Amino acid sequence: MLKKIYLVIFCVTLLSIGNLGAEIVPGSELIFRITSPEMLTGGSSACGGGLFSAGPSSISVNPALPAGEQRVMLNLGYTILLQSKDEMSVGNAGQLALLIPSRWGVFSVVAEGAFCDLDPIKLDNVLTLRAGFAKDINEELYAGAAISGGVRWGKETDWALALNLGFVYHWGNLGFLQDVRIAGALMNLGKPYVSGLPAIGSPKVGIAGTLFTVAGGKLVGGFSADISAPQLLNIVFDAGLQLQIAEIITIKSAWQFNMKEQLEGHKNLMPSVGLVFKFGIDSKDNQFLKEKGWQQSEVTASGAWQKLYDEIHAASAGISINLGLKDIEAPEIILWGE
C-alpha cells in the first residue's frame, strides 16, 4: 500500500515539474480565499489560524485541518467583487461545503466557484470540486489528503486535476506562546489550467499559536504566519491576527505579500478585516434533530472586507452550522462486577 502511495506522489510530481514554465496569473492565489469571509480573513493559514478553527473548506489550504472535528458541519459563503473605473464592474465568488466525521476519519467536500474578469484578476469562470479525508494519527498529529478537479470557461476552456497533501502538528506551549501548531502542505500536484492557474506544486509551511489569554479566557489573541512557494518560482507570505471576546465574537485580520505580483507591479497590500459572531440554537421540538442528537447546535455568522489591487473591493458574508454539541466528557469505563 505504501509503495502505491509513493508511486502516485511520484507521478503527480512529474506532471507538476512538466508544467513549471506556466505563467503565474495575478490573483491566482485568491481563488480559494475570496469564496468566503472565513477564508478571506484566515490568513491562508495551514495551521487553522491563530485561534484554531477548521471546517470542510479548510481542505483548500491544508487537507489535514479537519481531522479533529466531531460534528457534521455545513459551510456557505458568498463574495461580491466591485471595481469602479470608467464604469462599475462586478465579479462573484462563493462556496458550499460539507464535513462528515466518522470512526475512520473525517470526510470533507467543498464546491468553490469564482466568476471574475476584473483587471488584473482575470479568472474568467472557474468551478472547483474538492474531496478530502483527514485523520488524527494521535492527539498531536493530524494528516490528510484531498483530490481536486475543476473546469474553467470564458475566454478559454480548460480543466485541472490535482492531489493535495498536508499535516498539522500540535506542539503545545512554546515560551509565551500557547497551543502552538506547525503545519505543512503540498498543494496542486497534477495538471493545472494551461494559463498556470492555480500555481502547481505549491509547498507551504506555517506556524500559529495563542499570544495571550486574559480575564479568565474572556479575551484571547492569536496569530499565524505562513510561507509558500507557488510553482517553486514565487514566494508568498501570509500573516493573520485574531482576537476573541467571550468565545462569542472574533475579530480577524489577514495580510498577504506575493513577491512575483509585487515585482510585476500588481500591488495588493491592504489587509482584510472580518467579524465572526457565534451563537447556539435549540430545536428540542424537532423529532428528527432529536434522534440525531442535533437538537442543540452552533451557528457561526461572519462578514469580511478587503481592498484588492486596483480599486477592487471584496465584500463577503457566510454562515457555518455545526450540528450537535462538542463531546467534552471523558468516556465512562465500567469494570466487570460493578
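*Asks:* What is the right way to look at unusual backbone geometry in this model?
*Replies:* Backbone phi values are negative for most residues with the exception of glycine, while trans is the configuration of most peptide bonds. The peptide bond linking Asp 119 to Pro 120 adopts the cis configuration, its omega dihedral lying at 10°. Inspection of the secondary structure puts Pro 120 in the loop between β3 (106-117) and β4 (122-136). The phi angle at Glu 247 is positive, at roughly 60°, despite the residue not being glycine. On the accessibility criterion, Glu 247 (55% relative accessible area) is exposed.

*Asks:* I'm lost on the confidence of the model for the protein in this one. Help?
*Replies:* Should pLDDT be low for a region, the predicted coordinates there are not to be read in detail. With 83% of its residues at a pLDDT of 70 or more, the protein shows a mean pLDDT of 85. pLDDT under 50 marks residues 1-10. Its contacts with residues more than four places away, or in other chains, come to two contacts. Low confidence marks residues 12-22, where pLDDT is under 50. Its contacts with residues over four positions away, or in another chain, come to 21 contacts.

*Asks:* Looking at this structure, how should I read the pairing of strand β1 (residues 73-84)?
*Replies:* Here β1 shows one buried face, formed by Met 73, Asn 75, Gly 77, Thr 79, Leu 81 and Gln 83, and one open face, formed by Leu 74, Leu 76, Tyr 78, Ile 80, Leu 82 and Ser 84. Note that β1 and strand β14 (residues 312-322) share 11 bridges and pair antiparallel. Bridging across to β14, Tyr 78 finds its partner in Ala 317. As defined by bridge partners, β1 adjoins strand β2 (residues 88-101) across 12 bridges and the pair is classed as antiparallel. Residue pairing in the sheet places Tyr 78 in a bridge with Gly 94 of β2.

Scoring rules and cut-offs
Residues numbered from 1 in each chain as written. Predicted model: local features only at pLDDT ≥ 70, side-chain atom pairs only at ≥ 80, totals over all residues. Heavy atoms only, no water. Helix = DSSP H or I, 4+ residues; strand = E, 2+ residues; numbered from the N terminus. Buried < 20%, exposed > 50% of the residue type's maximum accessible area, 1.4 Å probe, protein only. pLDDT = per-residue confidence, 0-100. Contact = heavy atoms within 4.5 Å. Pairing = 2+ DSSP bridges.

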